Amino acid sequence: VVYNKMVGGKVDTTEPMESKQELISVNETLDYLGDIVGEESQRGKLMQAGAILDIIDTVAGRIAWNYVRGPVVTVCVDRVDFLLPIRHLDLVRLEGRLVQTGSSSMVVAVKGYKQIVEPVRGFVHVCDCYVTMVAVTDTGAPKKGIPQIQCSTPEEEAYREHAILRKDVHSKWDKLEIELSKRQNLKIEDILDPLNNLNKTEFLTIPQTEVKVKRHFFVKHENNHKTIFGGEVLQWIDKIATHTARNFTKNPYMWTVSMSRVVFKKPIYVRDVVELIAHVVYVRTHVLEVEINVSIQRMGGPKVSSHSAHFMIINADENGNKQPLKVGLRLEEEDQKSMMIYLKAKER
């Protein structure tokens, strides 16, 4: 169907997006990216998760672009769980498929695998993630009316339902976080997790764990809309989160086991100054949580919040085996801001 309308005195024959593509099923959108990751000189050593997060964003963007046959941007990366560590020179395969569509948004389910040769040859499952992409116009505005995906098998319907469930979980957490923020006069005995003190020999306050960095991105990091690729940002924040954890524990062998949901509230441009502030906000027996907050400052403009994320990072030895943490957090009731940060991390 072609709609004719008068625009500026001329007839505009614009074909709606729905007519550009026939209804297709979830599995018809299946695609993958695979590569040998890391550096030869680091063979066998643990990889930073950021490199995999970058590929996750790339494969999701590729699938979404192919589906709408036009430009897309990343608006949200759901929680990523790394089931196994990935090492330099591992063959990694990231498979994705479109599982849900909205007016302009698309949810891509991504599963990661790595090749192993022992105890049997084949690929093992290493990570899961859902990425939300949005179709955009040449000006960067959301492009409404994308084709709707069809779930034609129980497997495809399960993907869609799981994506909806994940979104619902995050919505409930947002509401809980608002309620937690109303609490006042927090007491250490009411919120402290006993694991924070178990077998610890050193304690730092949350402010003492701070790592603050500021940078520009470069033209090579831009997408077609002159904004910075989401994967580049994810790789950067994982690097800072890992450094923060290493600085806290004095242990170089730390690796990310999960990343919480990241919502890109503001696009980042080359001319922007980007500031990242990281803190260790929760400590358990083997795992700690690093909170990341990113802000941007446009040329001549005020500083505004861009996005936040939380990384669960495990304390390990050089072979990737988990080790007990020896450093804990020291809470002080005079610092109610840090107490609230700790409480939210505990409930998360």
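Everything quoted here is computed from the prediction, not taken from an experiment.

A. Spatial organisation of the overall build of the chain. A count of helices and strands for the chain gives 5 helices and 16 strands. Taken over the C-alpha trace, the chain has a radius of gyration of 22 Å; the compact-globule value for 348 residues is 20 Å, and the two agree within 12%. Considered along the principal axes of its C-alpha atoms, the chain spans approximately 75 × 55 × 40 Å. Sequence-distant contacts, at least 24 apart, represent 75% of the contacts inside the chain between residues at least 6 apart. Surface exposure of the chain reaches about 18100 Å², of which carbon and sulfur atoms provide 51%. Looking at charge distribution, the chain has the averaged site of its 47 positive side-chain charges lying 3 Å from that of its 45 negative ones.

B. Structural view of the packing of helix 1 (residues 49-68) against helix 4 (residues 230-249). Two elements in contact, helix 1 and helix 4, have axes separated by 8 Å at closest approach and are oriented at 165 degrees. Considering the angle they form, helix 1 stands roughly antiparallel to helix 4. Here helix 1 runs over helix 4; the crossing is right-handed. Residues A49, G50, A51, L53, D54 and D57 of helix 1 form the contact with helix 4, whose participating residues are G230, G231, E232, L234, Q235 and D238.

C. Quick look at the pattern of salt bridges. Summed over the entire model, instances satisfying the criterion amount to 17 salt bridges. The partner of D128 in a salt bridge is K111, with the nearest N and O atoms 2.9 Å apart. Note that D128 is positioned in strand 8 (residues 122-135) and K111 in strand 7 (residues 105-116), a separation of 17 residues in sequence. Looking at D128, the relative accessible area reads 23%, which means it is partly exposed.

D. Spotlight on helix 5 (residues 336-347). Compared with an ideal rise of 1.5 Å per residue, which puts 12 residues at 16 Å, helix 5 spans 16 Å between its outermost C-alpha atoms and is within 8% of the ideal. Considered for burial, the residues of helix 5 that qualify are S338, M339, M340, I341, Y342, L343, K344 and A345. Looking at the buried side of helix 5, the elements it contacts are helix 2 (154-180), helix 3 (188-191), strand 13 (273-283), strand 14 (287-297) and strand 16 (327-329).

E. Geometry of the side chain of T74. In this fold, T74 is placed in strand 4 (residues 72-77). Polar side-chain contacts of T74 include one of 2.5 Å to the side chain of D57. When residues no more than four places from it in sequence are discounted, the contact partners of T74 are D57, V131, T132, M133 and F264.

F. View of the nonpolar core. Counting 87 residues, the largest nonpolar core has I56, M106, I237, L288 and I292 as its most contacted members. Looking at which element gives the most residues to this core, the answer is helix 1, with 11 residues. The residues touching I237, leaving out its near neighbours within four places in the chain, are L276, I292, V294, H307, A309 and F311. Grouped together as the second largest cluster of nonpolar side chains are 6 residues, W255, V257, M312 and I314 included.

G. Up close: the confidence of the model for the chain. Of the residues in the chain, 94% have a pLDDT of 70 or more, and the chain-wide mean is 89. Note that residues 1-20 has pLDDT below 50 and, in this model, 25 contacts with residues that lie over four places away or in other chains.

H. Quick look at the packing of helix 2 against helix 5. Closest axis-to-axis distance for the helix 2/helix 5 pair is 11 Å, and the angle between their directions is 150 degrees. Overall, the two elements helix 2 and helix 5 adopt an arrangement that is roughly antiparallel. The interaxial crossing formed by helix 2 with helix 5 has right-handed handedness. Counted together, W173, E177 and L180 of helix 2 and M340, L343, K344 and E347 of helix 5 form the full contact between these two elements. Classifying every residue of the contact of helix 2 with helix 5 by side-chain character gives 4 nonpolar, no polar and 3 charged.

I. Representation of the packing of aromatic side chains in the model. Within the structure shown, the criterion is met by 2 aromatic pairs. Between F217 and W236, the ring centres sit 5.6 Å apart and the planes meet at 85 degrees, which makes this aromatic pair edge-to-face. Placement of F217 in the loop between strand 10 (211-215) and helix 4 and of W236 in helix 4 is noted, with a sequence separation of 19 residues between them. For W236, a relative accessible area of 7% puts it in the buried group. Ring plane angle 40 degrees and centroid distance 5.0 Å describe the contact between Y282 and Y342, whose orientation is recorded as tilted. Highlighted residues: Y282 in strand 13 and Y342 in helix 5, separated in sequence by 60 residues. In this structure, Y282 and Y342 share a single accessibility class: buried. Here the guanidinium or amino end of R93 rests over the ring plane of Y32, the centre of that ring lying 3.7 Å away.

J. Local environment of the environment of E222. Checked against the element boundaries, E222 lands in the loop between strand 10 and helix 4. Residue classification places E222 among the buried positions, given a relative accessible area of 18%. Residues E222 and W173 lie 49 residues apart in sequence; the distance between their C-alpha atoms is 32 Å. Among all residues touching E222, those that are not within four sequence positions of it are T227, I228, F229 and V270.

Calculation notes
Residues numbered from 1 in each chain as written. Predicted model: local features only at pLDDT ≥ 70, side-chain atom pairs only at ≥ 80, totals over all residues. Heavy atoms only, no water. Helix = DSSP H or I, 4+ residues; strand = E, 2+ residues; numbered from the N terminus. Rg over C-alpha atoms; globule rule 2.2 N^0.38 Å. Contact = heavy atoms within 4.5 Å. Areas by Shrake-Rupley, 256 points an atom, 1.4 Å probe, with all protein chains shown as cover. Lys, Arg positive; Asp, Glu negative; His and termini not counted. Charge placed at Lys NZ, Arg CZ, Asp CG, Glu CD. Axes fitted to C-alpha atoms, helices over the stretch in contact; angles between N-to-C directions. Parallel < 35°, antiparallel > 145°, perpendicular 65-115°, else oblique. Left-handed = near helix turned anticlockwise from the far one by under 90°. Salt bridge = Lys/Arg side-chain N within 4 Å of Asp/Glu carboxyl O. Buried < 20%, exposed > 50% of the residue type's maximum accessible area, 1.4 Å probe, protein only. Expected span 1.5 Å × (residues − 1). Polar contact = N/O pair within 3.5 Å; in protein donor to acceptor, adjacent residues only side chain to side chain. Core = buried A, V, L, I, M, F, W, Y, C linked by side-chain atoms within 4.5 Å. pLDDT = per-residue confidence, 0-100. Nonpolar A, V, L, I, M, F, W, Y, C, P; charged D, E, K, R; others polar. Phe/Tyr/Trp six-rings, centres within 6.5 Å; stacked < 30°, edge-to-face > 60°. Lys NZ or Arg CZ within 6 Å of the ring centre and 35° of its normal.

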